[in-house]
Amino acid sequence: ASISTPRGLELQQGSTDENNPSITCHDYGFMRQTINPLPMEWTREGDVLHINYEEWNLDRTVFLDGRNFPEPLEHSRLGYSIGRIDRNDLVIEPRGITEEIYNPFHGGGAHSDQLVGHERYSLSENGTVLTIEMSLVDPVTLIEPYVFHKQWVATPELELLEDFCTDIPGEF
């Protein structure tokens, strides 16, 4: 059974090659970028964490200084992220994420601009595996939270490549 609302299903069904970011050379946005399997690099400058994603060369900023979300909150594809340390985990809450279709190749998935994410990152004891538990809450597109897990293996010897995209011409 689907956990999507009627509006969520409508957005999913609107997924076409013409609005697929993989084909039209637009960055993925929060959901697809956050779980992307390609390398990423994390750097911290005081109370600011930067997550640099190889795909699309995107830099996500996470504020760790205890601030509140600004009012009004300006929306963007990666949103506005506030984080904190909870025990040994990094907990990030992104808000202000623009509406998007995030999973066109796997039967759909979409969220509204009311999406609130809850990310919990933990590092294995030996520091080689990063695990995320993500929960998405969206009163417009989801009946209940969408929760999933993902892991990445550390690859400190790799340097991020510059990503580029060329539109794919023709019809599909």
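See the structure printed just above.
Here the residue index of a chain counts from 1 through its sequence in written order. In view of the model being predicted, local features appear only for residues whose pLDDT reaches at least 70, and side-chain atom pairs are presented and counted only at 80 or more, with totals across whole chains, interfaces and linings using the full set of residues. Side-chain metrics in this entry use all non-hydrogen atoms of the structure; hydrogen atoms and water are not considered.

J.: I keep staring at the packing of aromatic side chains and nothing clicks. Help me out?
T.: Two descriptors summarise a pair of aromatic rings, namely the distance from one centre to the other and the angle between the planes of the rings. Stacked, tilted and edge-to-face are the three classes applied to pairs of Phe, Tyr and Trp rings, where Trp contributes its six-membered ring and a pair requires centres within 6.5 Å; stacked means planes under 30 degrees apart, edge-to-face means over 60, and tilted covers the rest. Tallied over the full model, the rule gives 4 aromatic pairs. Seen from their ring centres, W42 and Y121 are 5.0 Å apart, and the 80 degrees between their planes marks the pair as edge-to-face. Of the two residues, W42 is situated in strand β1 (residues 40–45) and Y121 in strand β8 (residues 116–123); the sequence distance between them amounts to 79 residues. An aromatic cluster is built from F63, F69 and Y80, whose rings are joined through pairwise contacts. Every helix listed is a DSSP run of H or I at least four residues long, and every strand listed is a run of E at least two residues long, numbered separately from the N terminus.

J.: Is there a simple way to think about helix α1 (residues 6–13) in this case?
T.: Owing to its 3.6 residues per turn, the α-helix aligns residues three or four sequence positions apart on the same side. Each residue is assigned to one of three classes by its accessible area relative to the maximum for its type, calculated with a 1.4 Å probe on protein chains only: buried under 20%, partly exposed between the two thresholds, exposed over 50%. Listed in full, the buried residues belonging to α1 are G8, L11 and Q12. Along the axis of α1, the buried residues cluster in a sector spanning 100 degrees; they form a single face. The exposed set on the far side of α1, more than 90 degrees from its buried face, consists of P6 and Q13. Picture the helix axis, draw a direction to every C-beta atom, and the arc is the one those directions span.

J.: Explain the pattern of salt bridges here, please?
T.: Any two side chains of opposite charge can pair if their charged atoms end up close together. Salt bridges are identified by distance alone: a Lys or Arg side-chain nitrogen within 4 Å of an Asp or Glu carboxyl oxygen. On inspection of all chains with the given rule, the structure shows 9 salt bridges. The residue R7 makes a salt bridge to E10 at a minimum N-O spacing of 2.8 Å. With R7 and E10 both in helix α1, this residue pair falls 3 residues apart, about one helical turn. Here R95 ties to E93 by a salt bridge, and the two come within 2.5 Å at their closest N and O atoms. Look at the salt bridges and you will find they share partners, linking D86, R87, D89 and R120 into a network.

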